[in-house]
Amino acid sequence: MTDLFKQTVERVTTTTDDAQLLFKPTTDVEKKGVLPDLDALSQDFQSSTDWDIPEAYLCLIIAAAFADGDLADEERDEIAALVKRSRTMKRLTPDGLARANQVVNRRMSERGADLSTEQACLTLPVDMRLSVFAHCVDIVLADGELHPTEATFLNKVTAWMSLDGEDAKNILTSIMIKNRY
């Protein structure tokens, strides 16, 4: 190590407390447990279903709209807006979107709404789940009411996505307030 580098390191370490250091050396004790569980991390980004991410996203927002057995105009409008502004959906060509819609409709018809929705939840990457849940809540509440079947749907989705209950509750509360005004 050059003398200039040594002097700089000494000056930085003596004049800056540990809270302000961007990089500080670790001891052997601190190194233990530093590496993430790579198997668990990779599972967060792999799907064991036959859905792809846009199909899963579309399935969930469609299932949210039909959770009360009816598709309100507000729910239809919300789905159309989401498809236009979502990065996941904007990547699809019009033909790709039509194909995804056909796949979702076919699977929901063949497998049933619950199984399809559960598989769609499991397909989404962990870091996408909370935002998709928020979209589902927004669609469910687009008509201004939370029906018992919609509450049941949201509870199932919360469980299937392994979301924290407090996070889900906070989203529901926030969107209820948003839709009130």
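Residues numbered from 1 in each chain as written. Predicted model: local features only at pLDDT ≥ 70, side-chain atom pairs only at ≥ 80, totals over all residues. Heavy atoms only, no water.

A. Examining the environment of Gly 69 more closely. Here Gly 69 lies in the loop between helix H4 (53-65) and helix H5 (73-85). Between the alpha carbons of Gly 69 and Glu 150 there is a distance of 9.1 Å; along the sequence they are 81 residues apart. (Helix = DSSP H or I, 4+ residues; strand = E, 2+ residues; numbered from the N terminus.)

B. Layout of the packing of aromatic side chains. Inspection of the entire model under this criterion finds 0 aromatic pairs. Here the basic side chain of Arg 107 rests over the ring of Trp 51, its NZ or CZ set 4.8 Å away from the ring centre. (Phe/Tyr/Trp six-rings, centres within 6.5 Å; stacked < 30°, edge-to-face > 60°. Lys NZ or Arg CZ within 6 Å of the ring centre and 35° of its normal.)

C. Broad picture of the confidence of the model for the chain. Averaged over all residues, the pLDDT of the chain is 81; the fraction at 70 or higher stands at 73%. Confidence over residues 12-16 falls short of pLDDT 50; this stretch has 2 contacts with residues more than four positions distant or in other chains. The low-confidence segment residues 38-45 (pLDDT under 50) makes 4 contacts with residues lying over four places distant or belonging to another chain. (pLDDT = per-residue confidence, 0-100. Contact = heavy atoms within 4.5 Å.)

D. Highlighting the packing of helix H7 (residues 94-111) against helix H8 (residues 113-123). For the pair H7 and H8, interaxial distance at closest approach is 6 Å and the crossing angle is 125°. Judged by the inter-axis angle, H7 sits oblique to H8. In this structure, H7 uses Arg 107, Met 108 and Arg 111 to contact H8, whose residues at the interface are Ala 113, Leu 115, Ser 116 and Gln 119. Looking at the contact of H7 with H8, its residues break down into 3 nonpolar, 2 polar and 2 charged. (Axes fitted to C-alpha atoms, helices over the stretch in contact; angles between N-to-C directions. Parallel < 35°, antiparallel > 145°, perpendicular 65-115°, else oblique. Nonpolar A, V, L, I, M, F, W, Y, C, P; charged D, E, K, R; others polar.)

E. Molecular detail of H7. The end-to-end C-alpha distance of H7 is 25 Å, a good match for the 26 Å that 18 residues give at a rise of 1.5 Å each. Within the sequence span of H7, burial applies to Gly 96, Ala 100, Val 103, Val 104, Arg 107 and Met 108. Axial view of H7: buried residues confined to an arc of 120°, hence all on one face. With respect to the buried face of H7, the exposed residues turned more than 90 degrees away are Pro 94, Asp 95, Arg 99, Gln 102, Ser 109 and Glu 110. (Expected span 1.5 Å × (residues − 1). Buried < 20%, exposed > 50% of the residue type's maximum accessible area, 1.4 Å probe, protein only. Arc of directions from axis to C-beta.)

F. Quick peek at the environment of Arg 180. Of note, Arg 180 is situated in helix H11 (residues 165-180). Classification of Arg 180 by relative accessible area gives exposed; the value is 56%. A sequence separation of 39 residues divides Arg 180 from Leu 141, and the C-alpha atoms of the two residues are 9.8 Å apart.

G. Representation of H11. The end-to-end C-alpha separation of H11 is 22 Å, in line with the 22 Å expected for 16 residues at 1.5 Å each. Buried within H11 we find Ala 168, Ile 171 and Ile 175. Around the axis of H11, the buried residues are gathered within 60° of arc, so they sit on the same side. Summarising the geometry of H11, the exposed residues directed more than 90 degrees from the buried face are Lys 169 and Arg 180. Turning to H11, the residues buried within the fold contact helix H9 (126-140) and helix H10 (148-160). Here H11 starts with a cap whose side-chain oxygen sits 3.1 Å from the backbone nitrogen of Glu 166, and that cap is Asp 164. (Polar contact = N/O pair within 3.5 Å; in protein donor to acceptor, adjacent residues only side chain to side chain.)

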